[in-house]
Each structure stands twice: as C-alpha cells, then as structure tokens.
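Observations on the three-dimensional arrangement
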Amino acid sequence: MTSPLFSVLSVTERLTAFALLLQSVEWLQARAALSDSGVWQYSLLAPEQRALPWPLRVLCAWTLPYRPFLWLLGLRCAAAVLSLGWGVSLVWPLLCLSQLLVCIRFRGASNGGSDSLSVVLTSALSLPVLCGKTALTVQAALLYIAAQVTLSYVISGLVKLRQADWRSGQALCHFILSSALGAPPAVARLVSHARAAQLLSWGAIGFECLFPLAWLSPALCLGFLACGVGFHAANVGLFGLNRFFWAWIAGYPAVFSCSQLVSVLYGT
C-alpha cells in the first residue's frame, strides 16, 4: 500500500471528503428551505418520481422527505469525517449513493457542475472499494477522475469560444459586474476596459481549451493546476462558488498522477 498510486488515492479521498462535508453542512444550514413549507419542499418533487423504477422510488420516499433527508445529510457528514480524519475508504459507496440521492432531491441543480463532479468523484472512489484496492482499480479510478476533470474544462472552454460575447469580453464583464456578491472596485474598473476584459476572457478560454496539455508532462501539469487554483479561487471571491473550488481541486491529484503516467509511458 506504499505505492504512489495509493498515496494519490488517499489525498483524493480526503479532498473529496472535505468537499462533501462542506456541501452537507451548507445544506444543513439552509434546512429551513428544505422543510415542508420551504422553497425546496419534497412534495413538489415527489410526483415526478412516479416514473422511477419502484426500488428507486421507494428509496427516494424513505430518504428524501424533510426529516429523513436531514438524517441522510448527517450520515454524509459522519462518513466524510471518517474518510477525512481517519482515511476510512469503506464509506465511499455510501457517499456515492448519498450524492445520487442529493442530485435527485435537487433535480441536479443545487450547485450544478459541482454536484455532477461530486458524482464522478464518489463513483470513482467507490471502484477500489467494490472491486478490491489493487493497482489496476486505483489507476482506473484516477484515470476516470482526470478524464472527467479535463473534459469539464474543455467543454466549458469550447462553449465560450463559440460565443462572440465571450470572445469580446462582454460576457465576462457582465457576469462580474452583475455578481450578487458585488465586484471589488478594482476588478470592476479593470473589466470596464474592453481590452482588459477581452484579455481576461481569452485567458479563461485558453486555460480551459488547452487543459489537455497538462497530461503531457508533470511540470506542465503543475503550471495548469496552479492556474486552475487561481481560476477557481477568483470564482469564489467574485461569485461565491466555493463548492466548485473544492470539487475540482479534489480531482487535481488524479490529473497530476496521470501526467506522471503519460511521462513514464512516452519518456517525456
């Protein structure tokens, strides 16, 4: 168990556990909105579940109403703490199931991309538990995470690249100036200049579209990951997207591990 692969898996587990713990605590803090009189009341969702296969429909009926859902979130917190504090891996199938139920509860839209990536992370981390923790299963899990992180950036970058308002910087300027948190005055002044906004926009597009280059060598990968940390930290500061920060950062050790694998395979 001293292989570098297992060390990367351990770091990924702990970072993912922290991301899930953060998500669960935030939902518990907003539990009034989940109550039978809240904006996310279960009664609005229940009719949609009649089309689900009956085992899943029964599971949802047991776990997603207000009180059971609070218990589910509490169980998630306990499982995440076990992984974060003591490196317990057996909790990952449970955390994966809970993440799927959370996505059903919020129709996959509680926090969008971070919820989707959390499914990727928890399902991948469940593989070594369910199939045995071997070099093969660990490598498969890390490759899957790294591929999904990379695709998430590339797809987002290509979508931006196709839109004229992103290429001109107007979209970025609009998003920053209309942020519910309020843009810092220095940032607001910066993006108010068309050329600066365009350069920043193209910087984001270039980072996302070129992210697959991170696989070519560990040194190049570290550069992209450093840019990614800055990119997501800026999104936290400007838009409050803290869940995105921790979900994507949790996948970074897998990306770096895969860059090492490619470097060994091709002698780069």
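As the structure is a computational prediction, the values presented were derived from the model and not from experiment.

Right, let's get into helix α12 (residues 242-266). Counted at 1.5 Å a residue, the expected span for α12 with its 25 residues is 36 Å, and the 37 Å between its end C-alpha atoms agrees. Along α12, the sharpest kink reaches roughly 25°, centred on Y252 and followed within four residues by the proline P253. A positive phi of about 65° marks G267, the residue just after α12.

Okay, the pattern of salt bridges next. Proximity of charged atoms lets side chains of opposite charge pair with each other. A full pass over the atoms with the stated rule returns three salt bridges. Between R243 and E26 there is a salt bridge whose closest N-O contact spans 2.6 Å. Separated by 217 residues along the polypeptide, R243 in helix α12 and E26 in helix α1 (residues 4-29) bring together distant segments of the chain. You can call R243 buried: its relative accessible area is 7%. Note on E26: relative accessible area 21%, which makes it partly exposed. Between R107 and E48 there is a salt bridge whose closest N-O contact spans 2.8 Å. Linking R107 in the loop between α4 (92-105) and α5 (113-131) with E48 in the loop between α1 and α2 (54-63), this pair joins segments that are 59 residues apart in sequence.

One way to put it is that α5 packs onto helix α6 (residues 135-161) with a least axis distance of 8 Å and a crossing angle of 170°. On the basis of their axis angle, the class for α5 and α6 is roughly antiparallel. Along its contact with α5, which presents L117, V120, L121, S123, A124, L125, L127, P128 and C131, the element α6 presents T137, V138, A140, A141, Y144, I145, Q148 and V149.

With respect to the helices and strands, V88 occurs in the loop between α3 (66-86) and α4. Each residue touching V88, except ones within four places of it in the same chain, is listed here: L82 and S83.

Definitions and cut-offs
Residues numbered from 1 in each chain as written. Predicted model: local features only at pLDDT ≥ 70, side-chain atom pairs only at ≥ 80, totals over all residues. Heavy atoms only, no water. Helix = DSSP H or I, 4+ residues; strand = E, 2+ residues; numbered from the N terminus. Expected span 1.5 Å × (residues − 1). Bend = angle between axes of the 7 residues up to and from the residue. Salt bridge = Lys/Arg side-chain N within 4 Å of Asp/Glu carboxyl O. Buried < 20%, exposed > 50% of the residue type's maximum accessible area, 1.4 Å probe, protein only. Axes fitted to C-alpha atoms, helices over the stretch in contact; angles between N-to-C directions. Parallel < 35°, antiparallel > 145°, perpendicular 65-115°, else oblique. Contact = heavy atoms within 4.5 Å.

None of the figures reported here should be taken as evidence of function without further support.
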